[in-house]
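# Structural description and commentary
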Amino acid sequence: LLPAIKDATEEELAPQAVVGDTHYGSQENCRMTEALGVKLVAPAQPPKDDQKLSLEDFELDDQNRVTRCPAGQTPVRVSVTQNNSQALFDRNICQACPQRGLCPVQKPRSDRNLTLRVQYDQDRLEMRKRRLKELEPLFREDYRWRAGIEGTISRLKHVTGMVRLRVRTLAKVSYAVVLKALGLNLFRCAAAGV
């Protein structure tokens, strides 16, 4: 992504925005494209286990401190440092919670406090902000161009068999791709009854 943006900039074709898929949406790419003055429109990486609750489900105040868990419990204590933050919850209340199996709250290393905690760092906070922003209509409007082409490319690969081309050299591959795109358009016209 970054070499492509730099090459385009050298050719005086610097983009104002780049739309990419989830693989391009890393925090590092967001920081680097922002430093280049380019807006990156790409979904954040999804949670490792999308069946479980995540930091997006917690309520945070404007200082990025957890104020309430998804079940409505307020933390016993919240601590914020420059690099990490954590919220401690009463273990007895957490163990009785119906969402306990889905919750990211864990035992701290020291078992003396009878609390459970959720920890997060600055990168995780930025990821949370991005995932919440993806739910807004403005992101969907910006991203719709990528979402539309993804479906077309998927159909091109699976309907026409473009995943495995049986030709080599740029000229032959280019010719095969044009024919397959033409074939996909014919399939679409036939399906539409045109």
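Residues numbered from 1 in each chain as written. Predicted model: local features only at pLDDT ≥ 70, side-chain atom pairs only at ≥ 80, totals over all residues. Heavy atoms only, no water.

## Section: the overall build of the protein
Filter applied, for reference: Every helix listed is a DSSP run of H or I at least four residues long, and every strand listed is a run of E at least two residues long, numbered separately from the N terminus. The reference for a compact globule is 2.2 Å times residues^0.38; the radius of gyration itself is calculated from the C-alpha atoms. Only protein chains enter the accessibility calculation, which uses a 1.4 Å probe; a residue is then buried when its area is under 20% of its type maximum, exposed when over 50%, and partly exposed in between.
Regarding its fold elements, the protein presents six helices and seven strands. In sequence order, the protein lays out its α and β elements as α-β-α-β-β-β-β-β-α-β-α-α-α. The C-alpha atoms of the protein give a radius of gyration of 23 Å, which is well past the 16 Å a tight globule of 194 residues would have. Taking the principal axes of the C-alpha coordinates as reference, the protein spans close to 70 × 40 × 30 Å. Taking all 194 residues of the protein together, 29% fall into the buried category.

## Details of the packing of helix α2 (residues 27-35) against helix α4 (residues 122-133)
Heads up, the condition is: All axes are obtained by fitting lines to C-alpha atoms, using only the stretch in contact for helices, and the reported angles, taken between N-to-C directions, cover 0 to 180 degrees. Oblique is the label for any angle not covered by the other classes, which are roughly parallel (under 35 degrees), roughly antiparallel (over 145) and roughly perpendicular (65 to 115). Contacts between residues were defined by any pair of non-hydrogen atoms, one from each residue, lying within 4.5 Å. Residues are grouped as follows: Ala, Val, Leu, Ile, Met, Phe, Trp, Tyr, Cys and Pro are nonpolar; Asp, Glu, Lys and Arg are charged; every other residue, Gly included, is polar.
Between α2 and α4, whose axes approach to 11 Å, the crossing angle comes to 80°. The orientation of α2 with respect to α4, classified from their angle, is roughly perpendicular. Contacts between α2 and α4 involve Gln27, Cys30 and Arg31 from the first element and Asp123, Glu126, Met127 and Arg130 from the second. By residue class, the composition of the contact of α2 with α4 is two nonpolar, one polar and four charged.

## A few points about the pairing of strand β6 (residues 84-90)
Note the following rule: At least two bridges found by DSSP between two strands is the condition for calling them paired.
Burial within β6 is extensive, with five of its seven residues counted as buried. Taken together, strand β5 (residues 77-80) and the strand that follows it, β6, pair antiparallel across an intervening segment of three residues.

## Comments concerning the sheet that holds β5
Spatially, the three strands line up as an open sheet ordered β5-β6-β7, and their pairing is antiparallel. Bordering the open sheet on either side are β5 and β7 (115-121), each of which pairs with just one other strand. The mean inter-strand angle of the sheet, taken between neighbouring strand axes irrespective of direction, is 15°. In this sheet, β7 lies alongside β6 in antiparallel orientation, the contact comprising seven bridges. Bridge pairing in β7 links glutamine 86 to glutamine 119.

## Here we look at the pattern of salt bridges
When the charged atoms of two side chains with opposite charge come close together, those side chains can pair. Which entries qualify depends on this criterion: The term salt bridge refers to a side-chain nitrogen of Lys or Arg lying within 4 Å of a carboxyl oxygen of Asp or Glu.
The full count for this structure, using the stated rule, is nine salt bridges. Measuring nitrogen to oxygen at the nearest pair gives 3.3 Å for the salt bridge that ties glutamate 56 to arginine 131. Of this pair, glutamate 56 sits in the loop between β2 (39-41) and β3 (59-60) while arginine 131 sits in helix α4; the two residues are 75 residues apart in sequence, bridging distant segments of the chain. Each member of the pair, glutamate 56 as well as arginine 131, carries the same accessibility label: buried. When the shortest N-O distance is used, the salt bridge between arginine 65 and aspartate 61 registers 3.0 Å.

## Thoughts on the environment of leucine 125
Following the sequence through the fold, leucine 125 ends up in helix α4. Judged by relative accessible area, leucine 125 falls into the buried class, the value being 4%. Through-space distance from the C-alpha of leucine 125 to that of asparagine 64 is 7.7 Å; in sequence the pair is 61 residues apart. If sequence neighbours within four positions are ignored, leucine 125 has contacts with Leu55, Leu60, Asn64 and Tyr120.

## What to know about a nonpolar patch on the surface
What counts is decided by this rule: Two distance rules govern patches: like charges are joined within 9 Å, and nonpolar side chains (Val, Leu, Ile, Met, Phe, Trp, Tyr) within 5 Å, applied only to residues with over 30% relative accessible area and no salt bridge. Note on areas: Shrake-Rupley with a 1.4 Å probe; residue coverage comes only from the protein chains shown.
The grouping of Tyr175, Leu179, Leu182 and Leu186 at the surface amounts to a nonpolar patch, some 440 Å² of accessible area in total. Among the structural elements, tyrosine 175 can be located in helix α6 (residues 170-192). Relative accessible area serves as the criterion here: at 56%, tyrosine 175 is assigned to the exposed category.

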